[in-house]
Structures are given as C-alpha cells and as structure tokens.
Amino acid sequence: QKDGFDWFMRKEIYEQPKAVADTLLGRYDTDGSLRLDELRIPEYELRLIDKIIIVACGTAFYSGLVAKYAIEHWTRIACEVELAHEFRYRDPILSGRTLVVCISQSGETADTLMAIRHASEQGARVLAICNTNGSTIPRESDAVIYTHAGPEIGVASTKGFTTQLTACYLLGLYLAQVRSTLFGDEIAVLMAELERMPQTIQRVLDEAEPVLELAADFADQPSVLFLGRHVGYPVALEGALKLKELAYIHAEGFAAGELKHGPIALIEDGLPVFVVVPPQGRDMLHDKVVSNIAEIRARGALTAVLAEEDDEAIPALADVWIRLPKVSTLLQPLAAIVPLQLFACELATRKGHDVDQPRNLAKSVTVE
Ligand code: F6R
C-alpha cells in the first residue's frame, strides 16, 4: 500500500524517521552499554580484529564509504571499502583477524554473496548488515546486524541506505565499546545524538519545499553535479546515483577536493551543482568546501547548497540554500541525503518516469 503517496519510493523516503528509530530500538541499555545481540561473534574475537573490509554494491557501497570514516575514527581499526564485484577478483589480503562487513538491503545480491563466500574460504570473519530476514547473505555470514527498515519496494534504495548507515554507526560504536577506544560517556553522547536522528530527519522532510521547487526548475537540465568532502563525498555519490537511475540524467558525484584536479573543467554557465557543506565552526573542512562553492560560482555554476541552517557563509554563495539541522559531522549523511532523495524522486516524477520501476533495473541483482 502506498498510503496516499504517488510512489512507494516517496512513501519510503518519508518512512525514514521510523525506519532509523526501529533500527536503533533495543540496542542501547539504560546502564549505558550498547548491545548487538544478533552479532554472534564473541567479544574476545572482536578485540583481535586488525582490519575491516566493507564490501557492497551501489547504494549499499556508499553507506560503507560513510561507515569507513566513522569506524576508523571511533575504533582506530583500519577499514577499507570495496565494491563486492571487484573484491573477489583481486586476491585480497585476508586472515582470521580480518572482519569483512557486507552490506546488502536484499541479502540476495550475487556479487556481494560471492565476495563473502570468498572471504569465508580465506578464513575471514563475515558480518552482514542486511534488511531481509532469512535471506542468503545473513545465512552465510558468521554474524548479522539487521536493519529494521521494513520492506523496501521502490527499486531505488532510500530507507535501505539510511538504516544501513545507522547499523554501521552502531557497529562502529559497539567495536569502540568492546575495544575501549571510546569512553562510555563519549559513546553516550554519540548514542544520544543518533537517537535524535529520527526527529532530525523528520525536520528535513518537513522543510523539503525548496528542494521540490528546485526539481521543477532543473527538470530540463541535461547534467547535474554533486560535490562533497569527507562523509559528504559518499552523500554526493549517492545523490548522483539517485538522479541517474530515476531521472535518467547525467549526474556525477565528486570529492570537492578533486575539483581542481580535473572536474572543474566541466563547470560552465548554468550547470547545476549540489554541494554538501560540513558543519561550520566544528569542522576544518567547512571553509575549504565554501571556497569550492565560490570557485564554481565564479565559473557560472548554479549552486544548490546543503548546509546547516545558521551557516553564515552560505547566503552570499548559494543560489539555493537547502537548510540542514545541526548535527555532528559524522552523522550528517543521515540528514543530508534526504533532500537529494526527494530531489531525484520529484524530478523523475516531473519527467513522467516510473519512479518505482526505473528502466533496466531490478530490485535485487541475483546474477553476477
Ligand atoms: C540503488 C540501489 C542499488 C542497490 C545495490 C545493492 O538505488 O538500490 O544500487 O543498492 O544493487 O543492493 P543490495 O543492498 O540489495 O545488496
């Protein structure tokens, strides 16, 4: 049932506050300790892990890219992220102390399944982050963290992505707890912020009007770019993927720092560019991204800027300011992706496309 929405995808975008809340439910005890009951890997083994490799495809891969920043920062365990279909064919270095984390909404993606089979054969421990109970990937993994997004019917993943991020944050904090790389009160502060994220996402949804209007303005654009840095970079990649797959528009995500190494040549008069700006004041990358906006604007780009609601640098620079609530840098993707999902959904709707069943795509890719 679409519950009055035009598309399952739009309904699923609006379900994200609940999906994230459900994924967090029951994980954090009143005594201040995180519990991941389904995990099944004993704590002493988790203390021995010396490398994490995240494998996934598409949107799930982008959630893994965000996870790397959080996991390395909180746990100091080296974390790589790899496309599942590349991983298996390059003879990766694995051992009993490697934790392979595979992320899959459906739990049936063949590329991801083959990657974890390979990892298991090589003696690595495999942990699945998955939304589908009893699917093949969690069954073949040593451990699982289920996201509780409920069924995702729209082919383009939305609540799948935000709940994957949530599960990755939980995993990072849990490993930090087990390995004592964060103090209990630091975990408590981060968990409190994570637990506020459903309300934060709700605010983004309630204030989404500007991005819906933007979709009308940009409906005839042949190309849209997305820029971000640090955790904003995977958000840019995911924003571009949503637009490609739904609106069939050329869309490209770049790391903002990479601009001057090539992509800035693409900037021309009237080119729409979304920019994800890190929080002001608390993040040293903020000013660098702000100067990127000035550089592309000087070359004629139309800038749609996702930045905190009280960011003083933005009014002078943004053609359109998509206001984000204040959150800490590592958690910002949970809020920042939402306007980009809505933008793609709205733009595809305006172009008359079938948003729930984009051309050439299947919900789960069960062939390699
Ligand atoms: C994009 C999308 C795909 C999936 C990818 C992995 O919107 O949905 O990129 O994220 O095919 O699928 P799962 O997560 O089921 O393994």
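Now for a quick tour of the structure. Since the structure is predicted, the reported quantities are computational estimates derived from the model, not experimental observations.

This next bit is on the layout of surface pockets. Taken as a whole, the largest pocket spans an internal volume of roughly 530 Å³. Surrounding the largest pocket, 24 residues form its lining, Cys-57, Gly-58, Thr-59, Lys-363 and Val-365 being those nearest its centre. Residue assignment for the lining of the largest pocket shows that the elements contributing at least two residues are helix H4 (58-75), strand E3 (98-104), helix H6 (110-121) and helix H11 (232-247). A breakdown of the residues in the lining of the largest pocket according to their chemical character gives 9 nonpolar, 10 polar and 5 charged.

Taken in spatial order, the 5 strands line up as E2-E1-E3-E4-E5 in an open sheet, and their pairing is parallel. In this open sheet, the two strands that pair with only one neighbour each are strand E2 (78-83) and strand E5 (143-146). Between one strand axis and the next, the sheet turns by 20° as a mean value, whatever way the strands run. Relative to E5, strand E4 (residues 125-130) is paired through 4 bridges, and the arrangement is parallel. Within E5, the residue paired with Cys-130 across the bridge is Tyr-146.

Right, let's talk about the sheet that holds strand E10 (residues 320-324) for a bit. What the 5 strands build is an open sheet, ordered E7-E6-E8-E9-E10; its pairing is parallel. The open sheet has two edge strands with one neighbour each: strand E7 (250-255) and E10. The average angle at which neighbouring strand axes cross in this sheet is 20°, direction not considered.

Calculation rules
- Residues numbered from 1 in each chain as written.
- Predicted model: local features only at pLDDT ≥ 70, side-chain atom pairs only at ≥ 80, totals over all residues.
- Heavy atoms only, no water.
- 1 Å grid on protein atoms, 1.4 Å probe; cavity = no way out; pocket = protein on both sides within 12 Å on 5 of 7 lines; lining within 4 Å.
- Points joined across faces, edges and corners; volume = space filled by probe spheres on them.
- Helix = DSSP H or I, 4+ residues; strand = E, 2+ residues; numbered from the N terminus.
- Nonpolar A, V, L, I, M, F, W, Y, C, P; charged D, E, K, R; others polar.
- Pairing = 2+ DSSP bridges.
- Axes fitted to C-alpha atoms, helices over the stretch in contact; angles between N-to-C directions.

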